[in-house]
Amino acid sequence: MLSPRELCKSKVRAMSPQTVLKISKISKSFGATQALNAVDFELRTGEIHALAGENGAGKSTLMNIIDGIHQPDSGDIYIHGKKVNISSPAEAQQMGIGFVHQEIALCPDITVAENIFMAQTNASKSILMNYSDLHTKAREVFAQLSPIDPGTLVKNLSISNQQLVEIAKALTLDCRILILDEPTAALTETEAQVLFRIMKNLTANGISIIYISHRMVEIFENCDRVSVFRDGQHIVTNDVADITPDDVVNSMVGRVIDNLYPPKQSDAEVTGEVILKVDNFCEASRFRNVSFNVNRGEILGMAGLIGAGRSEIAKGICGLEGEAVTGDLSLEDQPMEIRNYQDSIANGMVYLSEDRKGDGVFLDLSIAANISALSVEQVSTNLGIVDNAREASQALTLGERLNLKYGHINHPVSSLSGGNQQKVAIAKMLSVNPKVIFLDEPTRGVDVGAKSEIHKILRDLARDGVGIIVISSELPELIGLCDRVMVIRDGIISGEVDGDQMTEENIMHLASIAQTEALASTRPEQYKTGTPL
Amino acid sequence: MARLKRIASMRETGLIVIIAILFIVMSFASPYFLTWVNMRAMTMAFAVEGIVVVGMTILLISGGIDLSVGSVVTFAMVLAGWLFLNGVDPWTASAITIVACAGVGGAMGWCVTRIGLHHFIVSLAFMVIARGACLLITQGRPLGLYTLPAEFKFIGQGAIGPVPFVIILFVVLVIVFDFMLRRTTIFRKVFYTGSNEKAAAYSGIRTKKVVFLSTVLCSTLCGIAGVIYMARFASAPPHFGLGMELNVIAAAVIGGASLNGGVGTILGAILGAVLLSVVTSSLALLDVSVYWQDIIRGSILLAAVSFDHMLNKKKA
């Protein structure tokens, strides 16, 4: 028998030489909430280690402790077998830890190069900026990532390229451990593939990556190991080769989720009745000749790369894109004219925005006031006075229908988790009994449990006869949820798939491959002749 | 119980407690404090400005700000006075003036919603322009309006029983606006717009219209305040109301309004104005030098805002 102390020593000795980071029995609580409870974690050199878990499982807290943002209540951190104390992000940087946060935190109005070398510029003793040096160095960094011009202003970059700038920023600090918090949440599949290729190159150079994601496909295609967290505890760590996505999901939620997606429309439910008919929608530069039907009882998916014009089309139909949009619409065989979003709401057509915190909810207003925002007149007297009781009962009814979890109906929306905030945004749509709902990325940044609930809600709505159009950058979601998917490429509908034809390959082909051809052949000519695109 | 707890945690309750404590302390510290004359003077000091506070609070909630209030109030005094001196009946002059002030608000609202400029810059420009207009109309000299008819002067100087008419007018306005802001759909839209303009637009609210009308309302209330001031002083000095905007914004912010929009109540803002007025009056009664007063009022503002910020941080 070994004494505990000897056991401890032998563990250190047994720690394989390739372990770069070891977390031992870390606990952390915030007030009454135990965010982490004696968590162990180990990261090997050159591996991509996925962290999975629902929102609030403790992943972010653990990463914040590794990055020195929070201090653990108890437990130890070892880097290369040496016990360390990380008291600030600056110290974490010195130890070779780079953290790319989910939210992009760059200065939009200065150049890429200046953003990347912000820390070095800050530490520099020289009075003048040496821009040419900065640009040369930035080019060196991007040589291994992607060809981005260091002189571009960050605000002119796409979200995916901004993400790469964040990664470049971490790399210039000579980091050996790179933490990526849901880097693909705002990326399309192709952009995500580029990121994974870059990640693999980095690991080949001996960098270890901790990768936080909700997407099982990504984890299983790109990571070496996966650790699952639940309720502040470390549940299991496995090689991805040894387990299945179902295993991971089940240990994340602590219960068996039989079906990730609700059953699709059955043949009996196909009515062939058209709810919404969109005919020849055009907007000067962003989309053209968009025509499609939404049938009663079905969920229609809208796929496409970021910038293809999916959101613009949905907003254009709902009158959110101004006057330049042309085309004909009819709802339940009645032609309608939509000049602005007020017209759209009056006709029963609503749009759920993709940016929940930015423009989906009012964070500091109450849950009840959020839900009534679309039509506060509905819960008011004829004299225009809000009836608090009616407003509350509307919120309670819709909250129950969507299984919303909240403290009190008068608490601000900021007190809710991401998934529940999204349910509030959906409840807001439902408050006007819409006939057609456009949902833009309805499950972005939402945990697995809430995601599956939202899918079920959408299916129930479709079954009740509401026309549902879902825009998503997550192909498995579109394929799992929708009855039919139309693909947008470069502002036009490039194709439509249903039934067995709904595969990631088919959708990706329609969304991207033809685009490169178009880029190669048609565009330069159009530029020459000056024809507007 | 929950209701009681909610009331206890409200901003207004905290302010009332602080004001009550000040009252108790002051009534021991100075024999003149709790006298009818002092109370009346204190209330008169913020009653008219309180009307401007109402407008400013609504504008702050919508996400805007108005630095021109002091100038516009003076512009109203001067314009109404000038019209009267040129033979216009004072009631008609007042009506024209209030419409003109609404027009100033409309011009500012237009710059903000149509050109897309920031409220701060637009109202800064109009603060200077309106002041310039006052100087232009008066040629830099105060207008003497002793000839105003008594029924008109009643608005500013009269009393019903022991209570000055100004105070009655002010209390009625505050009650009406406080109720409207809390309960009517129109003002609910002001909260939605100020809380998150994009989310409001995605909820089908015409946010530009809301911002425009809030701006017009604030300037209109300035016009009303200006007319009352004219009736009260029977004079229109072009240099009146310098620095009023800062007092008014301070009162609204102490009362819980946020410069980020979406938060605030009329009652809170008025209590903020009361607190500032009580402090000013107390300092005078305690023989504290006038020169100290601004320093102390500024410190109160800073303390109130810091307290708020720390409280919010703790909650999050």
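Residues numbered from 1 in each chain as written. Chains lettered and ligands numbered in written order. Predicted model: local features only at pLDDT ≥ 70, side-chain atom pairs only at ≥ 80, totals over all residues. Heavy atoms only, no water.

A. Broad picture of the pattern of salt bridges. Residues and elements named next belong to chain A. Counted by the stated rule, this structure contains 28 salt bridges over all chains. A salt bridge links Arg225 to Glu47; its shortest N-O distance comes to 2.9 Å. Residue Arg225 is located in strand E9 (residues 225–230), and its partner Glu47 is located in the loop between strand E2 (33–44) and strand E3 (48–52); the two are separated by 178 residues in the primary sequence. Residue class for Arg225 comes out buried when judged on its relative accessible area of 7%. Judged by relative accessible area, which is 5%, Glu47 ranks as buried. It is possible to trace a salt-bridge network through shared partners that takes in Glu273, Arg296, Glu332 and Lys435. (Salt bridge = Lys/Arg side-chain N within 4 Å of Asp/Glu carboxyl O. Helix = DSSP H or I, 4+ residues; strand = E, 2+ residues; numbered from the N terminus. Buried < 20%, exposed > 50% of the residue type's maximum accessible area, 1.4 Å probe, protein only.)

B. Representation of the interface of chain B and chain A. Contacts between chain B and chain A engage 23 residues on the former and 32 residues on the latter. Of the roughly 2200 Å² buried where chain B meets chain A, counting both sides, 52% is carbon and sulfur surface. It is B:Arg183, B:Tyr192 and B:Tyr202 that lose the most area in chain B upon contact with chain A, and together they represent 33% of the buried surface on that side. At the surface where chain B touches chain A, the tally comes to three salt bridges. (Contact = heavy atoms within 4.5 Å. Buried area = accessible area lost by both parts, 1.4 Å probe.)

C. Quick look at the packing of helix H2 (residues 11–29) of chain B against helix H13 (residues 266–285) of chain B. All names here are of chain B. Orientation of H2 relative to H13, taken along the N-to-C sense of each, is 20°, at an axis distance of 10 Å. Put simply, H2 runs roughly parallel to H13. The hand of the H2/H13 crossing is left-handed. Across the interface between the two elements, Glu12, Leu15, Ile16, Ile18, Ile19, Leu22, Phe23 and Met26 of H2 pack against Leu267, Gly268, Leu271, Gly272, Val274, Leu275, Val278, Val279, Ser282 and Leu285 of H13. Of the residues contributing to the contact of H2 with H13, the split by class is 14 nonpolar, three polar and one charged. (Axes fitted to C-alpha atoms, helices over the stretch in contact; angles between N-to-C directions. Parallel < 35°, antiparallel > 145°, perpendicular 65-115°, else oblique. Left-handed = near helix turned anticlockwise from the far one by under 90°. Nonpolar A, V, L, I, M, F, W, Y, C, P; charged D, E, K, R; others polar.)

D. Quick look at the confidence of the model for chain A. Residues and elements named next belong to chain A. Across chain A, the average pLDDT comes to 83, with 90% of residues at 70 or higher. A low-confidence stretch, residues 1–17 stays under pLDDT 50, and its non-local contacts, those more than four residues away or across chains, total three contacts. This stretch, residues 515–533, has a pLDDT under 50; its non-local contacts, to residues over four places away or in other chains, come to 12 contacts. (pLDDT = per-residue confidence, 0-100.)

E. Quick look at the packing of aromatic side chains. All told, the structure shown has 11 aromatic pairs over all chains when counted by the stated rule. Considering the side-chain rings of B:Phe46 and B:Phe170, the 5.7 Å spacing of their centres and the 75° angle between planes classify their relative orientation as edge-to-face. Of this pair, B:Phe46 sits in helix H3 (residues 36–61) while B:Phe170 is found in helix H8 (residues 165–183), placing the two residues 124 residues apart along the sequence. Here the two residues B:Phe46 and B:Phe170 agree in accessibility, since each one is buried. Seen in terms of ring centroids, B:Tyr229 and B:Phe233 are 5.7 Å apart; in terms of plane orientation they differ by 10°. Their pairing is stacked. Of this pair, B:Tyr229 and B:Phe233 both sit in helix H11 (residues 207–233), separated by four residues, roughly a single helical turn. Here a set of aromatic residues connected by ring pairs shows up, and it is made of B:Tyr229, B:Phe233 and B:Phe240. A cation over a ring is seen here: A:Lys137 above A:Phe117, with NZ or CZ 5.8 Å from the ring centre. (Phe/Tyr/Trp six-rings, centres within 6.5 Å; stacked < 30°, edge-to-face > 60°. Lys NZ or Arg CZ within 6 Å of the ring centre and 35° of its normal.)

F. Structural context of the nonpolar core. Of all hydrophobic cores here, the largest spans 101 residues; its most connected members are B:Val52, B:Val54, B:Ile58, B:Val73, B:Tyr192, B:Ile266 and B:Ile270. Considering each element in turn, this core owes the most residues, 15 residues, to H3(B). Setting aside chain neighbours within four positions, we find B:Ile58 in contact with B:Phe177, B:Leu181, B:Phe187, B:Val190, B:Ser214, B:Leu217 and B:Ile266. A:Ala314, A:Ile426, A:Ile454 and A:Leu478 belong to the second largest nonpolar core, which has 80 residues in total. (Core = buried A, V, L, I, M, F, W, Y, C linked by side-chain atoms within 4.5 Å.)

G. Expanded view of the side chain of B:Ser123. All names here are of chain B. With respect to the helices and strands, the residue Ser123 is situated in helix H6 (residues 119–138). Accessibility expressed as a relative area gives 1% for Ser123, which makes it buried. At 3.3 Å, the side chain of Ser123 and the backbone oxygen of Phe120 are in polar contact. Excluding anything up to four places from it in sequence, Ser123 contacts Ile65, Asp66, Leu67, Ser68 and Met108. (Polar contact = N/O pair within 3.5 Å; in protein donor to acceptor, adjacent residues only side chain to side chain.)

H. Highlighting the environment of A:Ile243. Considering the arrangement of structural elements, one finds A:Ile243 in the loop between strand E10 (233–239) and helix H10 (245–253). Excluding its chain neighbours within four sequence positions, the residues that come into contact with A:Ile243 are A:Phe220, A:Val226, A:Asn238 and A:Val248.

I. Representation of the sheet that holds strand E20 (residues 492–498) of chain A within the structure. Residue and element names in this part refer to chain A. If you walk across this open sheet you meet the six strands as E16-E17-E18-E13-E19-E20, and the pairing is mixed. Either end of the sheet is taken by a strand with one partner, and the two such strands are strand E16 (349–352) and E20. The average undirected angle you get between the axes of adjacent strands in this sheet is 20°. With six bridges connecting them, strand E19 (residues 484–489) and E20 associate as antiparallel partners. Pairing of Arg484 across the sheet is with Asp498, part of E20. Sheet strands touched by helix H11 (residues 310–317): strand E13 (299–303), E16, strand E17 (436–440), strand E18 (467–471) and E19. Its angle to E16, the strand with the most contacts, is close to 150°. On top of the sheet, helix H16 (residues 418–430) reaches E16 and E17; it is set at about 170° to E16, its chief contact. (Pairing = 2+ DSSP bridges.)

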